[in-house]
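Descriptive analysis of the structure
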Amino acid sequence: MEQNDCRFQVETVPSKELMKEAYGAIMWHSWRAWVYVAAIALGLGLAGYHIYDANIWSMRGHGDAWKDNMIMIVYCLLIAAYLLVRLFTAPGLSARKFMRRLEAVHGDISTLRITYFFDDDRMHSQSSSGQKIETAYDQIISVHETAHGIVMRRKENLFEALDKSAIEGGTLEGFKTFLQEKMPNAKFHLKRDA
């Protein structure tokens, strides 16, 4: 599984932790997360409005104003809480789902290795189960760096999560520079050097 003409090579062992980071990075740079945030803010704002409304009506002598508004207050707070929980648990749930799908395709994933080869015009990947994929660099629309990985998102809304501690052929900084040169149209979300 060696390619002599590649500039960098990364052998990755898919793990739930790496995939959770990848899904989190992709999610927070997506419009969907901000829709959730807006809906949470709307729910909290509506609950606040109904609390304010109940206070105003109570001061004017309407004793049942709290009772009338309590249903809306509780409803708005429950919706906001539900969306908040979904927002922060989505990466973990997606990672578990991905690992189950990976196991369904490859069988025992404890020995699965995916090796990525980076040459001048494309990325090649090959799994230890024999699956091969080639991706042209212009198909990559964004690159995200997480605590343990480099996540490359393709146009088809698919992504590859690479273990950044397993980079061969140069340093992590050299690899990031290489990706920026080969993917000038991709959006990069990389960590700064400490």
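Everything quoted here is computed from the prediction, not taken from an experiment. (Residues numbered from 1 in each chain as written. Predicted model: local features only at pLDDT ≥ 70, side-chain atom pairs only at ≥ 80, totals over all residues. Heavy atoms only, no water.)

Here we look at the overall build of the chain
- Regarding its fold elements, the chain presents 4 helices and 9 strands.
- Ordered by position from the N terminus, the helices and strands of the chain form the series β-α-α-α-β-β-β-β-β-β-β-α-β.
- Its C-alpha atoms give the chain a radius of gyration of 23 Å, clearly above 16 Å, the size a compact globule of 194 residues would have.
- Seen along its three principal axes, the alpha-carbon backbone of the chain occupies a region of about 85 × 35 × 30 Å.
- Split into buried and exposed, the 194 residues of the chain put 39% on the buried side.
- When contacts within the chain are restricted to residue pairs at least 6 apart in sequence, long-range pairs at least 24 apart make up 59% of them.
- Carbon and sulfur atoms make up 57% of the accessible area of the chain, which amounts to about 11600 Å² in all. (Helix = DSSP H or I, 4+ residues; strand = E, 2+ residues; numbered from the N terminus. Rg over C-alpha atoms; globule rule 2.2 N^0.38 Å. Buried < 20%, exposed > 50% of the residue type's maximum accessible area, 1.4 Å probe, protein only. Contact = heavy atoms within 4.5 Å. Areas by Shrake-Rupley, 256 points an atom, 1.4 Å probe, with all protein chains shown as cover.)

A closer look at the nonpolar core
- Among the nonpolar cores identified, the biggest contains 18 residues, and Phe118, Val143, Met152, Leu162, Phe175, Leu179 and Met183 are the most heavily contacted of them.
- Of all the secondary structure elements, the ones that give two or more residues to this core are strand S1 (8–12), strand S2 (114–118), strand S5 (140–145), strand S6 (149–154) and helix H4 (172–182).
- Non-local contacts of methionine 183, meaning those with residues more than four positions away in its chain, are made with Tyr137, Ile140, Val143, Met152 and Phe188.
- Among the nonpolar cores identified, the runner-up in size contains 13 residues, and Met19, Tyr23, Ile109 and Ala161 belong to it. (Core = buried A, V, L, I, M, F, W, Y, C linked by side-chain atoms within 4.5 Å.)

Some words on the packing of aromatic side chains
- Scanning the model with the defined rule gives 7 aromatic pairs in all.
- With a centroid separation of 5.2 Å and an interplanar angle of 65 degrees, the aromatic rings of phenylalanine 8 and phenylalanine 175 are classed as edge-to-face. Placement of phenylalanine 8 in strand S1 and of phenylalanine 175 in helix H4 is noted, with a sequence separation of 167 residues between them.
- Looking at phenylalanine 8, the relative accessible area reads 1%, which means it is buried.
- The buried category is assigned to phenylalanine 175, whose relative accessible area is 0%.
- Taking the centre distance of 6.2 Å and the plane angle of 85 degrees together, the rings of tyrosine 137 and phenylalanine 178 count as edge-to-face. Taken together, the residues tyrosine 137 in the loop between strand S4 (132–136) and S5 and phenylalanine 178 in helix H4 connect sequence positions 41 residues apart. Both residues of the pair, tyrosine 137 and phenylalanine 178, count as buried.
- Among the aromatic residues, those joined into a ring-pair cluster are Phe8, Phe118, Tyr137, Phe175 and Phe178. (Phe/Tyr/Trp six-rings, centres within 6.5 Å; stacked < 30°, edge-to-face > 60°.)

Things to note about the environment of lysine 176
- Considering the arrangement of structural elements, one finds lysine 176 in helix H4.
- Taking the C-alpha atoms as reference points, lysine 176 and alanine 90, 86 residues apart in sequence, are found 27 Å from one another.

Details of a positive patch on the surface
- Residues Lys16, Lys20, Arg86, Arg96, Lys97, Arg100 and Arg101 make up a contiguous surface patch of positive charge.
- Counting only elements with at least two residues in the positive patch, the list comes to helix H1 (16–28) and helix H3 (65–106).
- The class of arginine 101 is partly exposed, set by a relative accessible area of 45%. (Patch = residues over 30% accessible without salt bridge, like charges linked within 9 Å, V, L, I, M, F, W, Y side chains within 5 Å. Salt bridge = Lys/Arg side-chain N within 4 Å of Asp/Glu carboxyl O. Lys, Arg positive; Asp, Glu negative; His and termini not counted. Charge placed at Lys NZ, Arg CZ, Asp CG, Glu CD.)

Side note on the pairing of S6
- With 6 of its 6 residues buried, S6 lies for the most part within the structure.
- Residues of S6 alternate between two faces, with Gly149, Val151 and Arg153 on one and Ile150, Met152 and Arg154 on the opposite face, all of them buried.
- Bridging between S5 and S6 involves 5 bridges; their strand directions are antiparallel. Across the sheet, the residue bridging to serine 142 is arginine 153, located in S6.
- Hairpin geometry of S5 and S6 is characterised by an intervening segment of 3 residues between the two adjacent antiparallel strands.
- Direction of pairing for S6 relative to strand S7 (residues 159–163): antiparallel, over a ladder of 5 bridges. When the bridges of S7 are listed, glycine 149 appears paired with aspartate 163.
- Between the end of S6 and the start of S7, which pair antiparallel, lie 4 residues, with asparagine 157 showing a positive phi angle near 65 degrees. (Pairing = 2+ DSSP bridges.)

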